[in-house]
Amino acid sequence: MKVKVATKILEANDRIALDNRRLFDQAGVFVINLMSGPGAGKTSLLERTLAQATGLKIGVIEGDIAGTDDAERVERLGAPVVQINTGGACHLDANMIFEVLDDMPLNSLDILFIENVGNLVCPAEFRVGEDMKVMLLSIAEGHDKPLKYPLMFQESSALVLNKIDLAPYTDVDMEKIRRDALSLNPGLKIFEVSCRTGEGIEGWTGWLKEVSGKGFPQP
Ligand SMILES: Nc1nc2c(ncn2[C@@H]2O[C@H](COP(=O)(O)OP(=O)(O)O)[C@@H](O)[C@H]2O)c(=O)[nH]1
Ligand SMILES: [Mg+2]
Ligand SMILES: [Zn+2]
């Protein structure tokens with residue numbers, strides 16, 4: 001019985017996710033569900049992206065259990081932003097996103113980022129209507145993470161390995177992360193970046209323009 005209930009919750013969520021997706025498609029906005037454990041650098045990546053992906057109009061929905069710190073950080077860079085406080089829930093779901101869409105100028109955006117609640121587990125289970133999921137792993141979290149949290153690596157289109165500036169201070173085996181992540185998801189695109197120094201960010205923003213179809217001036 002418990003399994004049945006959980007399935008129904010996911011089915012209901014997927015229906016609302018489809019509604020969201022229709023709205024995103026109508027507006028012509030490319031939507032990325034950004035996921036990671038707490039502190040891996042999601043907001044830092046958004047800050048870097050906003051500063052460097054000039055020419056892309058980017059909006060952000062911030063999901064946190066409490067507080068508005070992340071929304072304030074993003075707002076300082078001039079992006080339209082809405083903060084969702086889940087009040088305890090450990091992931092965003094499609095309905096939470098649906099409820100804030102009126103406050104987001106979808107028609108004027110190229111890309112909408114949805115920063116999920118920091119958690120390597122259930123955010124990967126709940127569709128919100130995104131075009132793709134992207135996850136971050138900071139190398140300081142350890143190289144055992146892909147095999148311990150496989151679903152997130154399987155569901156993501158890209159993996160941003162952040163904090164490579166810290167590599168000399170850790171015993172991380174980056175090759176193992178790559179190997180294990182690719183064994184779970186052979187099509188996974190992997191970026192090695194430092195949001196602290198800016199290393200690797202250009203490769204990431206270049207790819208963003210490509211996948212979102214916004215890299216070239218519209219005729
Ligand atoms: N050394 C280092 N610290 C980073 C890097 N990226 C983010 N941080 C720090 O990690 C902490 C968490 O970053 P934040 O972007 O808030 O993570 P989030 O919880 O995933 O949104 C902050 O203190 C950041 O300054 C990085 O590339 N290198
Ligand atoms: Mg954050
Ligand atoms: Zn959850």
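Structure: above.
What counts, and at which threshold
Residues numbered from 1 in each chain as written. Chains lettered and ligands numbered in written order. Predicted model: local features only at pLDDT ≥ 70, side-chain atom pairs only at ≥ 80, totals over all residues. Heavy atoms only, no water. Helix = DSSP H or I, 4+ residues; strand = E, 2+ residues; numbered from the N terminus. Rg over C-alpha atoms; globule rule 2.2 N^0.38 Å. Buried < 20%, exposed > 50% of the residue type's maximum accessible area, 1.4 Å probe, protein only. Near = heavy atom within 4 Å. Polar contact = N/O pair within 3.5 Å; in protein donor to acceptor, adjacent residues only side chain to side chain. Areas by Shrake-Rupley, 256 points an atom, 1.4 Å probe, with all protein chains shown as cover. 1 Å grid on protein atoms, 1.4 Å probe; cavity = no way out; pocket = protein on both sides within 12 Å on 5 of 7 lines; lining within 4 Å. Sits in = over half its atoms within 2 Å of the grid points. Nonpolar A, V, L, I, M, F, W, Y, C, P; charged D, E, K, R; others polar. Contact = heavy atoms within 4.5 Å. Donors = N, O, S within 2.8 Å, 3.2 Å for Na, K, Ca; no water. Salt bridge = Lys/Arg side-chain N within 4 Å of Asp/Glu carboxyl O.

The next subject is the overall build of the chain. Within the chain one finds eight helices and seven strands. What you see for the chain is a C-alpha radius of gyration of 17 Å, in line with the 17 Å of a compact globule of 219 residues. With the C-alpha coordinates of the chain rotated into their principal frame, the extents come out at 55 × 45 × 35 Å. By the burial criterion, 49% of the 219 residues in the chain qualify as buried.

Let us look at the site of ligand 1. Residues in close proximity to ligand 1 total 16 residues, the closest being Lys42, Thr43, Ser44, Asp165 and Cys195. Contact between ligand 1 and Lys42: an oxygen atom at 2.8 Å from a main-chain N or O atom of the residue. Protein burial of ligand 1: of its 580 Å² of free accessible surface, 76% is covered by the chains. Judged by the fraction of its atoms near the pocket grid, ligand 1 is located in the largest pocket. At three residues, helix H2 (residues 42-52) tops the list of elements feeding residues into the shell around ligand 1. Among the residues forming the shell around ligand 1, the class breakdown is three nonpolar, seven polar and six charged.

Right, let's get into the side chain of Asn116. If you trace the backbone, Asn116 turns up in the loop between strand E4 (111-115) and strand E5 (132-138). Take Asn116: its relative accessible area is 1%, and that puts it in the buried class. When near neighbours in sequence (up to four residues on either side) are disregarded, Asn116 contacts Asn33, Leu34, Met35, Lys42, Gly63, His91, Leu92 and Pro123.

This next bit is on the coordination of the zinc ion (ligand 3). With distances of 2.0 to 2.3 Å, the protein atoms coordinating the zinc ion (ligand 3) are Cys90 (SG), His91 (ND1) and Cys122 (SG). The sequence pattern describing where the donors of the zinc ion (ligand 3) fall on their chain is C-H-x30-C. Residue His91 is located in the loop between strand E3 (81-85) and helix H4 (94-100), and its partner Cys122 is located in the loop between E4 and E5; the two are separated by 31 residues in the primary sequence. Each of the two residues, His91 as well as Cys122, counts as buried.

What follows deals with the pattern of salt bridges. What the rule picks out here adds up to 12 salt bridges. Between Asp131 and Arg21 there is a salt bridge, and its shortest N-O distance comes to 2.8 Å. Here the residue Asp131 occupies a position in the loop between E4 and E5, and Arg21 occupies one in helix H1 (residues 2-27), the gap between them amounting to 110 residues. Residue class for Arg21 comes out partly exposed when judged on its relative accessible area of 27%. A salt bridge links Glu155 to Lys133; the shortest N-O distance between them is 3.7 Å. Remark: Lys133 occurs in strand E5 and Glu155 occurs in helix H6 (residues 150-155); sequence separation between them is 22 residues. Residue classification places Glu155 among the partly exposed residues on the basis of a relative accessible area of 36%. Overlapping salt bridges bring together Arg21, Asp25 and Asp131 as one network.

Glancing now at the environment of Pro186. Its location among the elements puts Pro186 in the loop between helix H7 (174-184) and strand E7 (189-192). The spacing of Pro186 and Glu115 is 71 residues in sequence and 24 Å in space, taken between C-alpha atoms.

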